[in-house]
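Coordinate analysis (summary)
The lines below spell out each chain.
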Amino acid sequence: MARLSARARPERERVLVPARQSCLGCGGHMRLRYENRRSLVTLSGSVRLRLRIRRCEAPGCSRFHLPYRPEAEGAIALPQHEFGLDVIALVGVLRHRDHRSVPEIHAALQGRGVEIAERSVTNLLDRYDELLASALTGTRRLRRVLKAQGGVILALDGLQPDVGHEVLWVLRDCLSGEVLLARSLLSSRSEDLVPLLEEVAAAVGVPILGVISDGQTSIRRAVAEALPGVPHQLCHFHFLREAAHPVFEADRNAKKELKKRVRGVRRIERSVEGSEEPAAEVARGYCAAVRSAITDDGQAPLAASGLKLRSRLQAVADSLDRVAEKGAERRRSRGCAD
Ligand SMILES: [Zn+2]
């Protein structure tokens, strides 16, 4: 449907790469072949996804030229959807736990910065109900799809739009992108996840070839118990993000403290404003170096922007020290000559 108002360009971009590299058909390496893009509205703002896609290029392979998309994509959004799964999960919680009306849900979403039309709230509510009702055994089409591909790569994700409340558990197949089962649970304990995994395993009618998750302890235990022997791969992105979280927090704090120490740069800039003196020119250069260091942010979890800021400021300080030393040397040598 055409939209009446264009959405603002997403402020964030995320690149997702499939964790799996080997082809399920022939075991050969699937190369990254092309990229898909999609824009999404999530609870943490709009985001542009760049999806790297692999495919097998071995002639004669049963999966020849079939796309293999990043496993993490389905944890963020359902196929063909403009809103993230976290928004759908929140809509469901507001409706079924808090018994809010559509206009109330609409207001709550807008209050959280989600740009959405009231009509879309109704659609999301329908999608939430469909999602929970999607008993995989019921759909013949889905079973046909799974049978044709000969197995599933199961992904398991828990979405919790409000801390301390229900978790929407979504179990999906990474090969077809289909949701196999979704349940809203009050907990994330492994004993509650085991029945979900067992239900899916019994219903798919094909072997579960592997499991992908973010590696939460409860998920790891549940998979080991419900699907013994099935390889469990951790989604690199989620795992890294979880593992890097404490470092990221410490780094962010350090950066905040460092920034406080260079606040005086504005005062120096003002004092040399408009001056044509060579010394003022040099001072402006140093101020610009400090400013660009402050705004040079990397992306978590791979870049520590606090550490980066520290090394850039250190370089500025070292350079100033060298200048001071040279000045002193010159003064000394002039002193001798005089
Ligand atoms: Zn292959």
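What counts, and where the lines are drawn
Residues numbered from 1 in each chain as written. Predicted model: local features only at pLDDT ≥ 70, side-chain atom pairs only at ≥ 80, totals over all residues. Helix = DSSP H or I, 4+ residues; strand = E, 2+ residues; numbered from the N terminus. Rg over C-alpha atoms; globule rule 2.2 N^0.38 Å. Buried ≥ 20, exposed ≤ 12 C-beta atoms within 10 Å, placed from the backbone. Contact = placed C-beta atoms within 7 Å. Pairing = 2+ DSSP bridges. Right-handed = clockwise from strand over helix to strand, strands pointing away. Axes fitted to C-alpha atoms, helices over the stretch in contact; angles between N-to-C directions. Parallel < 35°, antiparallel > 145°, perpendicular 65-115°, else oblique. Nonpolar A, V, L, I, M, F, W, Y, C, P; charged D, E, K, R; others polar. Expected span 1.5 Å × (residues − 1). Arc of directions from axis to C-beta. Core = buried A, V, L, I, M, F, W, Y, C linked by C-beta atoms within 7 Å. pLDDT = per-residue confidence, 0-100.

1. So, the overall build of the chain
Each helix and strand counted, the chain has eleven helices and nine strands in total. Taken over C-alpha atoms, the radius of gyration comes to 27 Å for the chain, far larger than the 20 Å a tight globule of 338 residues would show. Projected onto its principal axes, the C-alpha coordinates of the chain cover approximately 100 × 50 × 40 Å. With 338 residues in all, the chain has 25% of them scored as buried. Put simply, 61% of the contacts in the chain that link residues at least 6 apart link residues at least 24 apart.

2. So, unusual backbone geometry
The phi torsion at Gln-80 lies on the positive side, around 60°, for a residue other than glycine. Within the secondary structure layout, Gln-80 lies in the loop between helix 1 (73–76) and helix 2 (85–96). Given 7 C-beta atoms within a 10 Å radius, Gln-80 is considered exposed. Of note in the backbone geometry, His-99 takes a positive phi value of approximately 55° without being a glycine. Tracing the chain through its elements places His-99 in the loop between helix 2 and helix 3 (102–111).

3. Some details on the pairing of strand 8 (residues 208–213)
As defined by bridge partners, strand 5 (residues 152–159) adjoins strand 8 across four bridges and the pair is classed as parallel. Bridge pairing in strand 8 places Val-152 opposite Ile-208. Bridge count for strand 8 against strand 9 (residues 232–234) is three bridges, and the pairing is parallel. Residue pairing in the sheet places Ile-212 in a bridge with Gln-233 of strand 9. Taking the sense of rotation as the criterion, the β-α-β connection linking strand 8, helix 7 (residues 217–226) and strand 9 turns out right-handed.

4. Observations concerning the packing of helix 3 against helix 4 (residues 118–133)
Look at helix 3 against helix 4: their axes get within 9 Å of each other, and the N-to-C directions meet at 105°. By the criterion of interaxial angle, the relationship of helix 3 to helix 4 is roughly perpendicular. Along the contact surface, helix 3 presents Val-102, Pro-103, Ile-105, His-106 and Leu-109, while helix 4 presents Glu-118, Val-121 and Thr-122. In terms of residue class, the contact of helix 3 with helix 4 is made up of five nonpolar, two polar and one charged.

5. Looking at helix 6 (residues 190–204)
Relative to the 21 Å expected for 15 residues at 1.5 Å per residue, helix 6 spans 21 Å between its end C-alpha atoms, a close match to the ideal helical length. Three or more residues of helix 6 are buried, namely Leu-193, Leu-196, Leu-197, Val-200 and Val-204. Viewed along the axis of helix 6, the buried residues span an arc of 95°, placing them on a single side of the element. Of the exposed residues in helix 6, the ones pointing more than 90 degrees away from its buried face are Glu-191 and Ala-202. With its phi angle positive at about 75°, Gly-205 sits one or two positions after the end of helix 6.

6. Describing the nonpolar core
As a rule of thumb, nonpolar side chains are buried together in soluble globular proteins. If you look at the biggest cluster of nonpolar residues, it comprises 56 residues, and the most contacted ones within it are Val-91, Leu-154 and Leu-171. Counting residues per element, this core draws most heavily on helix 2, at eight residues. Ignoring any residue separated from it by four or fewer positions in sequence, one finds Leu-171 in contact with Leu-154, Leu-156, Leu-180, Leu-181, Leu-196 and Val-200. Ranked by size, the runner-up nonpolar core spans five residues in total, among them Cys-23, Leu-24, Met-30 and Cys-56.

7. Observations concerning the sheet that holds strand 5
The mixed open sheet is built from five strands, whose spatial order is 7-6-5-8-9. Every other strand in the sheet has two partners, leaving strand 7 (179–185) and strand 9 as the edge strands with one partner each. When strand polarity is set aside, the average angle formed by the axes of neighbouring strands in this sheet is 20°.

8. Brief notes about the confidence of the model for the chain
Mean pLDDT over the chain works out to 86, with 90% of the residues at or above the 70 mark. Per-element confidence in the chain is highest for helix 3, whose mean pLDDT is 95, and lowest for helix 8 (residues 236–261), whose mean pLDDT is 76.

9. Describing the environment of Pro-70
If you trace the backbone, Pro-70 turns up in the loop between strand 4 (67–68) and helix 1. Residues Pro-70 and Leu-51, 19 residues apart in the sequence, show an inter-C-alpha distance of 6.6 Å. Leaving out residues up to four positions away in the same chain, Pro-70 has contacts with Leu-16, Val-17, Pro-18, Leu-51 and Arg-52.

10. Describing the environment of Leu-154
For Leu-154, the location among the structural elements is in strand 5. The buried category is assigned to Leu-154, around which 26 C-beta atoms lie within 10 Å. On a C-alpha basis, the gap between Leu-154 and Arg-284 in space is 57 Å, while along the polypeptide they are 130 residues apart. Residues contacting Leu-154, with those up to four places away along its chain left out, are Leu-171, Asp-173, Val-200, Ile-208 and Val-211.

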